[in-house]
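# Examining the three-dimensional arrangement
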Amino acid sequence: AHRSADCELAVLREPVGVCAQIVPWNCPLVMAAFKVAPALACGNTVILKPAEQTPLTALLLAEVIAEAGVPDGAFNVLTGFGDTGAALSAHDAIDKVAFTGSTEVGKKIVNAASGNLKKVSLELGGKSPQVVFADADLEAAIPGVASGFLFNHGQTCTAGTRLLVEDAIFAEFTQGVAEHARHVSLPPMRAAQP
């Protein structure tokens, strides 16, 4: 910033306002905490819309936040299906939408939010790379890389599902990762209740 003798530079930090925060089913408490805590700390009000498969975590979080003394109305939970998230994204009283989930839904949120030009932040699916060089400790790297794509059944937005391995160790490393994965026992996923 440029400052001259007759000009003062001022920075004014203000809350955004009402923040709709839409979180996915995987790691529901962690994902909510990543969004809710900073928004409340900056003086915003929050409407948390959990995934329809995991509303109880968000409702328990609301109880804990109320017990902590956060004023009524500063933190709210709105459960429902995709139409609930769509309504929040399009509502003129919402000043910001923060969404973590699929690229397909993210595109819908951007379109819905355009009505009043609200702020939007999106954390969408990706292909997170893991890089392994020839001088790596393969005994440590193999289980480390495998956990990067097996953790939480691979259902994380940072799952290391793209491996970049130096040619000199490619065959040995990929064989080691495949062998490691063969011996990993994942707990069964529970089907969502209708």
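For the structure itself, look to the data block above.
Before going into details, it helps to say that this report is about the structure given with it. What you see as residue numbers is a count from 1 along each chain, following the sequence as written. Given that the model is predicted, a residue must reach a pLDDT of at least 70 before its local features are reported, and side-chain atom pairs must reach 80 or more before they are shown or counted; all residues, however, enter totals for whole chains, interfaces and linings. Water and hydrogen atoms were dropped before computing side-chain values, which therefore reflect all heavy atoms in the structure.

By convention in these notes, a salt bridge is any Lys or Arg side-chain nitrogen within 4 Å of a carboxyl oxygen on Asp or Glu. For the structure shown, the criterion picks out three salt bridges. A salt bridge links Glu-52 to Lys-49; its shortest N-O distance comes to 3.6 Å. Taking the shortest distance from any N to any O, the salt bridge between Lys-108 and Glu-104 comes out at 3.8 Å. Taken as a pair, Lys-108 and Glu-104 lie in helix H4 (residues 103-113) at a separation of four residues, close to a single helical turn. Only DSSP runs of H or I with at least four residues qualify as helices, and only runs of E with at least two residues qualify as strands; both kinds are numbered from the N terminus onward.

What follows is about the nonpolar core. We define a nonpolar core as any set of buried Ala, Val, Leu, Ile, Met, Phe, Trp, Tyr and Cys residues linked to one another through side-chain atoms lying within 4.5 Å. Under the scheme applied here, a residue whose accessible area is under 20% of the maximum for its type counts as buried, over 50% as exposed, and between as partly exposed, the area being computed with a 1.4 Å probe on protein chains only. One finds Val-23, Met-31, Ala-32, Val-36, Ala-39, Val-46, Leu-48, Ala-58, Leu-61, Ile-65 and Phe-75 forming the largest nonpolar core, which totals eleven residues. Broken down by secondary-structure element, the contributors of at least two residues to this core are helix H1 (28-41), strand S2 (45-49) and helix H2 (55-67). The element that contributes the greatest number of residues to this core is H1, accounting for four residues. Working rule for contacts: check all heavy atoms of both residues, and any pair within 4.5 Å makes them a contact. Not counting residues within four places of it along the chain, the set of residues in contact with Met-31 comprises Val-23, Pro-24, Asn-26, Thr-100 and Glu-123. Counting residues in each nonpolar core, the second largest holds nine residues, with Ile-142, Val-165, Phe-173 and Val-177 among its members.

On to the side chain of Thr-84, then. Among the structural elements, Thr-84 can be located in helix H3 (residues 82-90). Contacts of Thr-84, omitting those with residues within four sequence positions, involve Lys-49, Leu-78 and Thr-79.

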